[in-house]
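# Per-entry structural report
Spelled out, the chains give:
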Amino acid sequence: AGGQNGLAAVEQLHGGHTGEIFIRRPPTFPVSLTRDGGELGLVLKYDTLGASIYIELIEERAPAAVRDAGLAIGDRIVSVNGMRGTSEELLREMQRCTTLELQVSRLPR
């Protein structure tokens, strides 16, 4: 609110003042991967009630196509093959398909 940090904004609002809060989602970008019968070499973390999958680690043994796809630790997979849903549904789609069209979000660093 007004360029203030979160605590100052809350204190201002609590004092009877009004303000605006803007929430901006991180940008997304597409990533295409093809699994050639093996694993992707990604260590993924997710909450069963969440709507994304967190990339915790890209293993050194990951195929070159995965290492070169532009993914980074901390990215979130938000869609798989055009499907959005719970993190469990996204994971099932990733396991089911050999061709993966991902939408990935990344927080600004």
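Presented here is a report on the structure given in the accompanying data block. This is a predicted model, so every value here is computed, not measured. (Residues numbered from 1 in each chain as written. Predicted model: local features only at pLDDT ≥ 70, side-chain atom pairs only at ≥ 80, totals over all residues. Heavy atoms only, no water.)

A few words on the pattern of salt bridges. Throughout the structure, instances matching the rule amount to 5 salt bridges. A salt bridge links E59 to R61; the shortest N-O distance between them is 2.8 Å. For the salt bridge of D75 with R106, the shortest nitrogen-to-oxygen distance reads 2.7 Å. A residue pair is termed long-range when its members are at least 10 positions apart, and D75 in the loop between helix 2 (64–67) and strand 4 (76–80) and R106 in the segment after strand 5 (99–105) qualify at 31 residues. (Salt bridge = Lys/Arg side-chain N within 4 Å of Asp/Glu carboxyl O. Helix = DSSP H or I, 4+ residues; strand = E, 2+ residues; numbered from the N terminus.)

Structurally, L49 can be placed in the loop between strand 2 (42–45) and strand 3 (53–58). When its relative accessible area of 78% is taken as the criterion, L49 is described as exposed. For the pair L49 and T86, spaced 37 residues apart in the sequence, the C-alpha separation amounts to 6.4 Å. (Buried < 20%, exposed > 50% of the residue type's maximum accessible area, 1.4 Å probe, protein only.)

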